[in-house]
Amino acid sequence: MTLTRRTFLAAAGGAAGLATLGTAGCASPTTANPGALTLWYSKDGLSTNVVDDAIGRFADDKFRVSIIGDGLKHRLLAAMSGNAYVPDIAMLGDDIASYFQDSDQFVDLNTLGAADVKDEYLPWKWQAGTSPSGFMMGFPIDIGPSALYYRHDLFKQAGFPSEPDDVATVVSTWDAYFEFGVELQKALPGRYLITDTKTVFTYSMAQLPQKYFDRQDSYIGDGPHVREAWDRALDAYRRGLTAGYAGSQNPGDSVDRHAAWNTGKELSFVNASWITGELKQSAPGTAGKWRVCRSPGGAGNQGGSFLSITKNCPRPQAAFDIIAWLLSPENQARTFLDAGLFPSSPSAFTDPRLLEPEPFFGGQVTMNVFGKSASDVKPAYFSPYDIAISDTYTDELTNVELVGKDPGQAWNDARRTVTRLLQRKGVI
Amino acid sequence: MAVTDAVDTVDAPTAPAALPPSAARRRRWRYLPYYLAISPFFILFAIFGAYPIFYSLFLALHRWDGVGPKQWVGLENFAFLFTDDTFWNSILTTLVIWVMSTIPMTVLAILIALGLNSSIRFQGLYRVAYFVPNVTSVVAASLVFSSIFSGEFGILNWLLGLVGVDPVQWLSNPWGIKIAISAMIIWRWVGYNAIIFLAGLQAIPGDVYEAAKVDGAGPFRTFFSVTLPLLRPVLLFSVVMSAIGGLQIFTESQVLVGNRGGPDEAGLTMVLYFYNEAFINNDFGYGAAISWGIFLVVVIFAIINWRLIQRPRRDTPKGVS
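Residues numbered from 1 in each chain as written. Chains lettered and ligands numbered in written order. Predicted model: local features only at pLDDT ≥ 70, side-chain atom pairs only at ≥ 80, totals over all residues.

## Let's talk about the environment of Arg151(A)
Residue and element names in this part refer to chain A. Along the chain, arginine 151 falls in strand E6 (residues 146–151). Owing to 24 C-beta atoms within 10 Å, arginine 151 belongs among the buried residues under this scheme. In this structure, the C-alpha to C-alpha distance between arginine 151 and leucine 92, residues 59 residues apart in sequence, is 35 Å. Ignoring anything within four residues of it in the chain, the contact list for arginine 151 reads Gly264, Leu267, Ser268, Lys289 and Trp290. (Helix = DSSP H or I, 4+ residues; strand = E, 2+ residues; numbered from the N terminus. Buried ≥ 20, exposed ≤ 12 C-beta atoms within 10 Å, placed from the backbone. Contact = placed C-beta atoms within 7 Å.)

## Remarks on the interface of chain A and chain B
Taken together, the contact pairs 26 residues of chain A with 24 residues of chain B. Of all the secondary structure elements, the ones that give two or more residues to the side of chain A that touches chain B are helix H3 (72–82), helix H10 (255–263) and helix H15 (386–403) of chain A. Partitioned by chemical class, the residues of the side of chain A that touches chain B number nine nonpolar, twelve polar and five charged. (Nonpolar A, V, L, I, M, F, W, Y, C, P; charged D, E, K, R; others polar.)

## A look at the packing of helix H9 (residues 224–238) of chain A against H15(A)
Residue and element names in this part refer to chain A. Contact geometry for H9 and H15: axes closest at 11 Å, N-to-C directions at 25°. The angle between H9 and H15 falls in the class roughly parallel. For the pair H9 and H15, the crossing hand works out as right-handed. Taken together, the residues of H15 that come into contact with H9 (itself represented by Trp230, Ala233, Leu234 and Tyr237) are Tyr393, Leu397, Val400 and Glu401. (Axes fitted to C-alpha atoms, helices over the stretch in contact; angles between N-to-C directions. Parallel < 35°, antiparallel > 145°, perpendicular 65-115°, else oblique. Left-handed = near helix turned anticlockwise from the far one by under 90°.)

## A look at the environment of Asp222(A)
Residues and elements named next belong to chain A. Counting through the fold element by element, aspartate 222 comes out in the loop between helix H8 (197–206) and H9. Overall, aspartate 222 belongs to the partly exposed group, with 13 C-beta atoms counted inside 10 Å. Distance in space between the C-alpha atoms of aspartate 222 and tyrosine 212 is 7.8 Å, their sequence separation being ten residues.

## Observations regarding helix H7 (residues 174–187) of chain A
All names here are of chain A. Across its 14 residues, H7 extends 20 Å between first and last C-alpha, which sits within 8% of the 20 Å expected from 1.5 Å per residue. Buried within H7 are the following residues: Trp174, Tyr177, Phe178, Phe180, Gly181 and Leu184. Seen along its axis, H7 keeps its buried residues to an arc of 165°; they face one direction. With respect to the buried face of H7, the exposed residues turned more than 90 degrees away are Glu183 and Lys186. Summarising the contacts, the buried residues of H7 are in contact with helix H6 (164–170), H8 and H9. (Expected span 1.5 Å × (residues − 1). Arc of directions from axis to C-beta.)

## A short note on the domain arrangement of chain A
All names here are of chain A. Segmenting chain A into domains produces domain 1 (37–143 + 303–355) and domain 2 (146–298 + 378–424). Inter-centroid distance (C-alpha atoms) of domain 1 to domain 2 is 29 Å. Of the residues lining the interface, twelve residues belong to domain 1; the matching set on domain 2 comes to 13 residues. The leading source of residues in the side of domain 1 that touches domain 2 is helix H4 (residues 123–128), at four residues. For the side of domain 1 that touches domain 2, the per-class residue count stands at seven nonpolar, four polar and one charged. (Domains from an automatic or database assignment.)

Here it is, written out as structure tokens:
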């Protein structure tokens, strides 16, 4: 058929008419795939092997998945506020508390029998997925227990304690760690034991049983514990222990820090377990030279995700069964082996496959260190505003560390910014 | 044909008031095809342009986390905005980066355009090569740039080391960050502007240059008294375009120093601050208020630009026209 103006107009008119009929005929569906159960998760947020098995196993429930590259949160918010194409099962990040005030968008997992498996998961992680009013929004996926990563070879070469148990004993508190760092730097000048002031502040806060709000949502961030973490970070800076790499504010993006791993300039650092993959990938030449031990100041957690069921899900019980299977202790162990996501189920810590010696850590069984750390984390309430508040403090610490801002001024500015932020949000 | 008839009617309108009401209605219907023909733009603009604009004004008067109920707060968000040091700093940062990138970029682009305009070999190849950065993914480029400006092993510090200069921690120093972001913008836009200037240069008639030569003008005199004045409209276009782009600097900052804008908020531009509040902190009401703050800044610049263009041309090139 030749395309004349007449046929083109007729075709265009027909298409427009059909489109109008189509939209009038059925409104946008509220779930992503009507009739199916759809899971949205972010790239590397679950093990693809386990997910593939689940698709086969729950074929009768028409279980489907979408891997969202970037901006899962934005897409979820857009779908929820438009009440259309909402996934039945959605992954939520460690900012899960920011959804608590919108719990009417989700299904309380306690109504689906979550309590029956509660004992199989870490209590503090279970609590983090539950709102202060007892609404269970998120089922635990992974966690990020912290540890001290250090260069065994360089510690040894300098004549310092180098075996994990010995190092852990010597650096049991932050103060002891700083003392140790000062001495070690005398033996190995030009090298650093702490990434930046942000690390000290963040992991000090992570070790505490209380953060910025209590579970009644009243602000406790003006208590002495925040000031203590701040002063500790400044102490590390004043003693010249922090390297202060540019871009380390963006975990994973600091090319300088990767370079420091390779050259041995970074002798040690405190971090959550998820850095292991990045360390192996960025500094393959240092394989066998690293060890991990208990972090100075004790156990803490950074990061971790959850799976939730949204309110329009037509078959919440079936969706819950899928979640419970995906995140069962056995599958969490598999997920750790496949994707490096640290299990939130303590029984996985004793899985023999996870207790293999690791060549990258010189044959050390790191699960023993991280598993202990994970079990020792103190339950703390993580409020919807914690990330913004913490970022404000660490921004000002960075200003002191890299730009030379007066510490007193930085503290006052941080306090003022936090107060203004909370006033704007109508919290205080 | 019907179309010609209709056009004739449009060309010779008569006062509608003189017609009986039914005829006026019929006349209005006769224009319908024209309104239909131009309607797609207006329909799309209403949905994707006008509606979001007015909705953002509505949002700016609320506190909203993106999902739950919107809470009316009146002008509170704006009261915060005008006392928000971070917002004022972000305006300054944006302008500083804009100036630091636009001036060197324009000078470079003119030089490149002059080079490309002279009779050299492989002209087409050079033109394509200079345009390539403009279509390269910014995120990919940022990886290269963060390696160039890296304090630990960056190429730039290595080059400085060769001439005996101590390494600079580019990406942790507030001015270093601004330089790195500007460098990235220059790299990305210099080729695009050079092509525009090249088109402008080729539009200058050759006899003008001949006249200048006859009058005994050297190459510099010719450039400053002939080429540059005749290039003025193109130059203005390029400055206006770069102002539009410069006020929206976002990606370069975000990929080089992150959402928080880096130490001392050195890379926190207006749009990055807006993005951070709305999409990272989930504060869509305040985000909308910031976007209206940005709008006001853009309006001020639009007025300045308009005044620049409207200015009567006092400096008509001497001895040319």
